[in-house]
Amino acid sequence: MIDSNRLRIAVQKSGRLCDGSMDLLKAVGVKFSLRDRLLIAHSTNQPVDLLRVRDDDIPGLVMDGVVDLGFIGENELEEKMLERQAAGKSSEYKVLERLDFGGCRLSIAIPSEDEYTGPEWLEGKKIATTYPHLLERYFKEQGINASAVMLNGSVEVAPRAGLADGICDLVSTGATLEANGLEEKEVIFKSKAVLIQRADELSDTKQLLVNKYLTRMNGVMQAKESKYIMLHAPRTVLDQVKSLLPGAENPTILPLAGNDEQVAIHVVSTETLFWETMEKLKALGCSSILVLPIEKMLG
Ligand SMILES: Nc1ncnc2c1ncn2[C@@H]1O[C@H](COP(=O)(O)OP(=O)(O)OP(=O)(O)O)[C@@H](O)[C@H]1O
Ligand SMILES: O=P(O)(O)OC[C@H]1O[C@H](OP(=O)(O)OP(=O)(O)O)[C@H](O)[C@@H]1O
Ligand SMILES: [Mg+2]
């Protein structure tokens, strides 16, 4: 049974968005004990219920107000919005947060042996895709007359099977395209996972809960991009050390027992390319350089 006082969140049951969404919920303190085949899961410590569905269903569930929140890829969200707009159905939602997983792009790819001359190459062609609305919007923007052939899976084999001249599908590393003898030619949409909320007002209690989770989510995402760094540095190079560590304007500086020339520095830095920076710090005469992950941040 679903209780309407509990926050309802739709997540992909299995697939590319599943781990990222579940990890984020766990990180903000919402616990579940999931039994595999259950469509609905109740949190064991928060007033939250999960609806575990195919990602295709998530935009509609949010837009129809069946769930309060949903984790979804922007590609699927935008496609479903266009589809529902065309069908005269409600297509509103609020984006609460762009997330740090599910990054991919929707691209047009054609067989490697074909010579691509630019978007005009597509004129009169058939392009297989799971995203016909996004593709047709692109054709329209480019003023091209071409047709989208809808396929729900195995899109990348369509040209070889003689079903289409090219494809429009999601690309991340490009390995799937390469394995199928296809080359990426146009990126028509860039996507990440997002957390969305239904457009109509939630009860005050539910909205407060959502806001609390959002603050925590920001803390978790910020922590992932930051590192806690400890090192010993000669006093003479303090300014150079600070400039090497972005976000470390006000480091903690501690004396070292029995060593007046050196200090210990503790900083939270947003530096990500870390090996190169560590090597530069060492070249400045720094030692005992420790880089620690941060789990959560607040304030
Ligand atoms: N290669 C990729 N790298 C990163 N993110 C991706 C990749 N492929 C897809 N995604 C993102 O993850 C979402 C879900 O992809 P997935 O392949 O799991 O979907 P699906 O096969 O449609 O699953 P479902 O069974 O839920 O319908 C995509 O809509 C996209 O936003
Ligand atoms: O550029 P790449 O890194 O190769 O990634 C692209 C592939 O990833 C996705 O499929 P997924 O692997 O999720 O399987 P699915 O098609 O069964 O959903 C997408 O549909 C592409 O086929
Ligand atoms: Mg799907």
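Residues numbered from 1 in each chain as written. Chains lettered and ligands numbered in written order. Predicted model: local features only at pLDDT ≥ 70, side-chain atom pairs only at ≥ 80, totals over all residues.

- Naming follows an unreviewed UniProt entry, where the protein appears as ATP phosphoribosyltransferase of Saliniradius amylolyticus.
- Within the UniProt record for the protein, the comment given under Subcellular location (unreviewed entry) is "Cytoplasm".
- The record in UniProt for the protein states the following under Catalytic activity (unreviewed entry): "1-(5-phospho-beta-D-ribosyl)-ATP + diphosphate = 5-phospho-alpha-D-ribose 1-diphosphate + ATP". (UniProt positions renumbered as here; feature names shortened; annotations may be inferred.)

## Some points on the site of ligand 1
Argument step 1. Near ligand 1, the surroundings consist of 16 residues, among which Gly-15, Arg-16, Arg-54, Gly-73 and Ser-172 are the closest.
Argument step 2. Its residues assigned to classes, the shell around ligand 1 comprises 3 nonpolar, 8 polar and 5 charged. (Near = placed C-beta within 6 Å. Nonpolar A, V, L, I, M, F, W, Y, C, P; charged D, E, K, R; others polar.)

## Here's the deal with the UniProt feature "domain: ATP phosphoribosyltransferase catalytic" (unreviewed entry) in the protein
Argument step 1. Taking the UniProt record as the reference, the feature "domain: ATP phosphoribosyltransferase catalytic" (unreviewed entry) is found at residues 54–218.
Argument step 2. Structurally, residues 54–218 comprises 30% helix and 30% strand, and the distance from its first C-alpha atom to its last is 26 Å. (Helix = DSSP H or I, 4+ residues; strand = E, 2+ residues; numbered from the N terminus.)

## Thoughts on the environment of Phe-71
Argument step 1. Considering the arrangement of structural elements, one finds Phe-71 in strand β4 (residues 69–73).
Argument step 2. Spatially, the C-alpha atom of Phe-71 lies 44 Å from that of Cys-286, the residues being 215 residues apart in sequence.
Argument step 3. If we ignore the near neighbours within four places in the chain, the residues touching Phe-71 are Val-11, Leu-17, Ser-21, Ala-193 and Leu-195. (Contact = placed C-beta atoms within 7 Å.)

## Overview of the domain arrangement of the protein
Argument step 1. Under the domain assignment, the protein is made up of domain 1 (7–100 + 193–223), domain 2 (104–191) and domain 3 (226–293).
Argument step 2. One C-alpha centre belongs to domain 1, the other to domain 3, and the line joining them spans 40 Å. (Domains from an automatic or database assignment.)

## Section: the sheet that holds strand β7 (residues 126–129)
To summarise the sheet geometry, strands pair through backbone hydrogen bonds and adopt either a parallel or an antiparallel arrangement.
Argument step 1. If you walk across this open sheet you meet the 5 strands as β8-β7-β9-β6-β10, and the pairing is mixed. Whereas interior strands pair on both sides, the edge strands pair on one side only; in this sheet they are β8 (147–150) and β10 (182–191). The mean inter-strand angle of the sheet, taken between neighbouring strand axes irrespective of direction, is 30°.
Argument step 2. For β7 and strand β9 (residues 166–171), the ladder comprises 3 bridges, and the chain directions are parallel. Bridging across to β9, Thr-129 finds its partner in Cys-168.
Argument step 3. Helix α3 (residues 74–86) rests against β6 (104–111), β9 and β10 of the sheet, and its axis sits at about 75° to β10. (Pairing = 2+ DSSP bridges. Axes fitted to C-alpha atoms, helices over the stretch in contact; angles between N-to-C directions.)

## Section: the site of ligand 2
Argument step 1. The immediate surroundings of ligand 2 are formed by Arg-16, Asp-169, Leu-170, Val-171, Ser-172, Thr-173, Gly-174, Ala-175 and Thr-176.
Argument step 2. Secondary structure elements with two or more residues in the shell around ligand 2: β9 and α5 (175–179).
Argument step 3. If you tally residues by element for the shell around ligand 2, the top one is β9, at 3 residues.
Argument step 4. Taken together, the residues of the shell around ligand 2 sort by class into 3 nonpolar, 4 polar and 2 charged.

## Some thoughts on unusual backbone geometry
Excluding glycine, residues mostly carry a negative phi; peptide bonds, for their part, are mostly trans.
Argument step 1. Look at Ser-154: it is not a glycine, yet its phi comes out positive at around 50°.
Argument step 2. Positioned with a positive phi, Ser-288 is a non-glycine residue whose angle comes to about 45°.
Argument step 3. Within the secondary structure, Ser-288 sits in strand β15 (residues 287–293).
Argument step 4. Assessed through the 11 C-beta atoms surrounding it within 10 Å, Ser-288 is described here as exposed. (Buried ≥ 20, exposed ≤ 12 C-beta atoms within 10 Å, placed from the backbone.)

## Side note on α3
Think of an α-helix as 3.6 residues a turn; residues three or four steps apart then line up on the same face.
Argument step 1. Taking 1.5 Å as the rise per residue, α3 with 13 residues should run 18 Å; its terminal C-alpha atoms sit 18 Å apart, in good agreement.
Argument step 2. What α3 keeps buried is the set Glu-74, Asn-75, Glu-76, Leu-77, Glu-79 and Lys-80.
Argument step 3. In the segment just after α3, Gly-88 is the residue with positive phi, at about 70°. (Expected span 1.5 Å × (residues − 1).)

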